[in-house]
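# A look at the structure
Given next are the chains, with one letter for each unit.
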There are 2 protein chains.
Amino acid sequence: MATDRDDVLRAAQRVLNADPAAPMSAVAEAAGISRATLHRHVDSRESLLVELGTRSLDRWERRLDDVDVEALAAEAAPASLRAALETLVLGYVDDSDAFGFALTDQVILANAELVERTQALAGREAVLFAAAQRAGVLRTDLPLRWLGHAVYGLLVAAREAVRIGDVARRDVGHLVLSSLLTGVGTP
Amino acid sequence: MATDRDDVLRAAQRVLNADPAAPMSAVAEAAGISRATLHRHVDSRESLLVELGTRSLDRWERRLDDVDVEALAAEAAPASLRAALETLVLGYVDDSDAFGFALTDQVILANAELVERTQALAGREAVLFAAAQRAGVLRTDLPLRWLGHAVYGLLVAAREAVRIGDVARRDVGHLVLSSLLTGVGTP
């Protein structure tokens, strides 16, 4: 049975998401190939992680493209900005289920190319947040640069809460969005 | 100059907080000792991480003791519950500066003893959150088990925002507390 590179990366993603410290032998096993074959696909654990990190950034980029961040930000209509924010965050939560470990993986967070691309995508996201602040959808007393971090933190929380079984997968999108926008305190 | 175990652990914490993937040689260098001497103090990278994880949980436990969680929860006064929540979260933010890497370190998150102790401390914290829900301080439409995760996620966010220089250390306590309780959306 032919196993292509894509199958291998998908198996690796599944294994590392369940156990981010999983050894390469566990990745090979999950992909149904030998360690030697795995090494023909990826030459080291680090290059595997960098490739999965790249794929998680590809997904982030696609989410930003899908809501058409720049066009929306130019338009400045509160209702569409709010709807786009919701779509974006719910999309991120879906992705964090597949790419969760990449959010906090130290190899990925330390890779210079991935860091640079992360900054660029955070910059695009910030265009939307800034428009939402101007349109009165997001608080203006919080620094723009904090907003993306708050989203990121709640995604890490969502991923961890689902992983250890504290929260059902189907509930977590709502929990992240609601906690993000209105907080966990009473009004 | 005599370097005791405590100095070594403090140096390790500092190094790993700045670069969680730092090798043992960087830890030895920061502690001003040779790798051989470092190995007399800690026999492996894993045991070093477990020890630092234990210290971060000691600190969490002390924060819960300091606000006297169980007594407060029994008392059920909204104003004191809210004040205790604020004290607790601001304390966590301070600790995340020193122990930040431990929040997401894979060795620490996978260690059975640390996981068990984490669950116990999360349980104590949940006693406070439950009392705050009953007293009308925290929303009751969010599941109790989510609340601790939301706090955790914003601590990860705070740590990362400070680490990469997006947010000033002096501002981050307020940002976490305000985002947690009232959200980043406009009312």
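Calculation notes
Residues numbered from 1 in each chain as written. Chains lettered and ligands numbered in written order. Predicted model: local features only at pLDDT ≥ 70, side-chain atom pairs only at ≥ 80, totals over all residues. Heavy atoms only, no water. Helix = DSSP H or I, 4+ residues; strand = E, 2+ residues; numbered from the N terminus. Buried < 20%, exposed > 50% of the residue type's maximum accessible area, 1.4 Å probe, protein only. Contact = heavy atoms within 4.5 Å. Areas by Shrake-Rupley, 256 points an atom, 1.4 Å probe, with all protein chains shown as cover. Lys, Arg positive; Asp, Glu negative; His and termini not counted. Charge placed at Lys NZ, Arg CZ, Asp CG, Glu CD. Least-squares fit on C-alpha atoms with pLDDT ≥ 70 in both. Axes fitted to C-alpha atoms, helices over the stretch in contact; angles between N-to-C directions. Parallel < 35°, antiparallel > 145°, perpendicular 65-115°, else oblique. Left-handed = near helix turned anticlockwise from the far one by under 90°. Nonpolar A, V, L, I, M, F, W, Y, C, P; charged D, E, K, R; others polar. 1 Å grid on protein atoms, 1.4 Å probe; cavity = no way out; pocket = protein on both sides within 12 Å on 5 of 7 lines; lining within 4 Å. Points joined across faces, edges and corners; volume = space filled by probe spheres on them. Salt bridge = Lys/Arg side-chain N within 4 Å of Asp/Glu carboxyl O. Buried area = accessible area lost by both parts, 1.4 Å probe. Domains from an automatic or database assignment. Polar contact = N/O pair within 3.5 Å; in protein donor to acceptor, adjacent residues only side chain to side chain. Core = buried A, V, L, I, M, F, W, Y, C linked by side-chain atoms within 4.5 Å. UniProt positions renumbered as here; feature names shortened; annotations may be inferred.

The name given to chain A in an unreviewed UniProt entry is TetR family transcriptional regulator, and the organism recorded there is Nocardioides renjunii.

Attention shifts here to the overall build of chain A. Helix and strand counts for chain A come out as ten helices and zero strands. Starting at the N terminus and walking to the C terminus, you meet the elements of chain A as α-α-α-α-α-α-α-α-α-α. Considering only C-alpha atoms, chain A reaches an extent of 55 × 35 × 30 Å along its principal axes. Sorting the 187 residues of chain A into buried and exposed places 51% on the buried side. Taking as baseline every contact in chain A between residues at least 6 positions apart, the subset at least 24 positions apart corresponds to 69%. By element, 53% of the accessible surface of chain A is carried by carbon and sulfur atoms, the whole surface being about 8400 Å². Charge separation in chain A, taken as the distance between the mean sites of 20 positive and 27 negative side-chain charges, equals 2 Å.

With that settled, consider the relation of the copies chain B and chain A. One copy of the chain maps onto the second through a rotation around an axis plus a translation along that axis. Mapping chain B onto chain A calls for a rotation angle of 180° and an axial translation of 0.0 Å; the resulting RMSD is 0.0 Å. In symmetry terms, the pair is related by a two-fold rotation axis. Most of the interface of chain B is mirrored in chain A: 100% of its interface residues are interface residues there too.

So, on to the packing of helix H9 (residues 144-163) of chain A against helix H9 (residues 144-163) of chain B. In a packed pair of helices, the relevant descriptors are the angle between the two axes and the axis-to-axis distance. At a minimum axis separation of 7 Å, H9(A) and H9(B) run at an interaxial angle of 135°. Taken together, the axes of H9(A) and H9(B) lie oblique to each other. Here the hand of the crossing between H9(A) and H9(B) comes out right-handed. For the pair formed by H9(A) and H9(B), the contact residues are A:Trp146, A:His149, A:Ala150, A:Tyr152, A:Gly153, A:Leu154, A:Val156, A:Ala157, A:Ala158, A:Glu160 and A:Ala161 on the first element and B:Trp146, B:His149, B:Ala150, B:Tyr152, B:Gly153, B:Leu154, B:Val156, B:Ala157, B:Ala158, B:Glu160 and B:Ala161 on the second. Per-class residue counts for the contact of H9(A) with H9(B) are 16 nonpolar, four polar and two charged.

Another aspect to go through is empty space enclosed by the protein. To find leftover empty space, one rolls a probe the size of a water molecule over the atoms. For the structure shown, the criterion picks out five cavities of 30 Å³ or more. Of the voids in this model, the largest cavity is the one considered here, and its volume is about 80 Å³. Together, A:Thr104, A:Gln106, A:Leu109, A:Tyr152, B:Pro20, B:Gly100, B:Thr104, B:Val156, B:Arg159, B:Glu160 and B:Arg163 line the largest cavity. No other element matches the four residues that H9(B) contributes to the lining of the largest cavity.

This next bit is on the pattern of salt bridges. Residue and element names in this part refer to chain A. This structure, assessed with the given rule, holds 28 salt bridges over all chains. Asp6 is paired through a salt bridge with Arg10; the nearest N and O atoms lie 2.8 Å apart. Here Asp6 and its partner Arg10 are both found in helix H1 (residues 5-18), four residues apart, which amounts to about one turn of the helix. For the salt bridge of Glu86 with Arg82, the shortest nitrogen-to-oxygen distance reads 3.2 Å. Here the residue Glu86 and the residue Arg82 both occupy positions in helix H6 (residues 78-104), the gap between them amounting to four residues, near one helical turn. A relative accessible area of 33% places Arg82 in the partly exposed class. When salt bridges that share partners are traced, they join Asp6, Asp7, Arg10 and Arg55 into one network.

Looking now at the interface of chain B and chain A. Residue-level contacts link 41 residues of chain B with 41 residues of chain A. Carbon and sulfur atoms supply 61% of the area that chain B and chain A bury against each other, a total of about 3800 Å² over both sides. For the pair chain B and chain A, the number of links is two salt bridges. Here A:Arg145 and B:Asp166 are joined by a salt bridge, their closest N and O atoms 2.8 Å apart.

For the rest of this paragraph, the subject is the domain arrangement of chain A. Residues and elements named next belong to chain A. Per the domain assignment, the segments making up chain A are domain 1 (1-43) and domain 2 (53-182). Here the C-alpha centre of domain 2 lies 28 Å away from the C-alpha centre of domain 1. In this assembly, seven residues from domain 1 lie in contact with nine residues from domain 2. Among the residues of domain 1 in contact with domain 2, Gln13, Asn17 and Pro20 are the three that bury the most area, contributing 67% of the side total. At the junction of domain 1 with domain 2, the criterion picks out one salt bridge. On inspection of domain 1 and its partner domain 2, the count reaches six residue pairs in polar contact (both at pLDDT 80 or more).

For the rest of this paragraph, the subject is the nonpolar core. Ranked by internal contacts, the top residues of the largest apolar core, which has 129 residues, are A:Leu48, A:Trp146, B:Leu48 and B:Trp146. Once you skip the residues sitting within four places of it in the chain, A:Leu48 turns out to touch A:Leu9, A:Ala12, A:Leu16, A:Met24, A:Val27 and A:Val42.

The next thing to look at is the UniProt feature "DNA-binding region" (unreviewed entry) in chain A. The feature "DNA-binding region" (unreviewed entry), as given by UniProt, occupies residues 23-42 of chain A in the numbering adopted here. For the annotated span residues 23-42 of chain A, helix accounts for 75% and strand for 0% of the residues, and the straight-line distance between the end C-alpha atoms is 13 Å.

All names here are of chain A. Where H1 meets helix H4 (residues 45-67), the closest approach of the two axes is 11 Å, and the angle between their N-to-C directions is 90°. Taken together, the axes of H1 and H4 are roughly perpendicular relative to one another. Where H1 abuts H4, its residues Arg5, Asp6, Leu9, Ala12, Gln13 and Leu16 lie against Arg45, Leu48, Leu49, Glu51, Leu52 and Arg55. Here the contact of H1 with H4 is built from residues that sort into six nonpolar, one polar and five charged.

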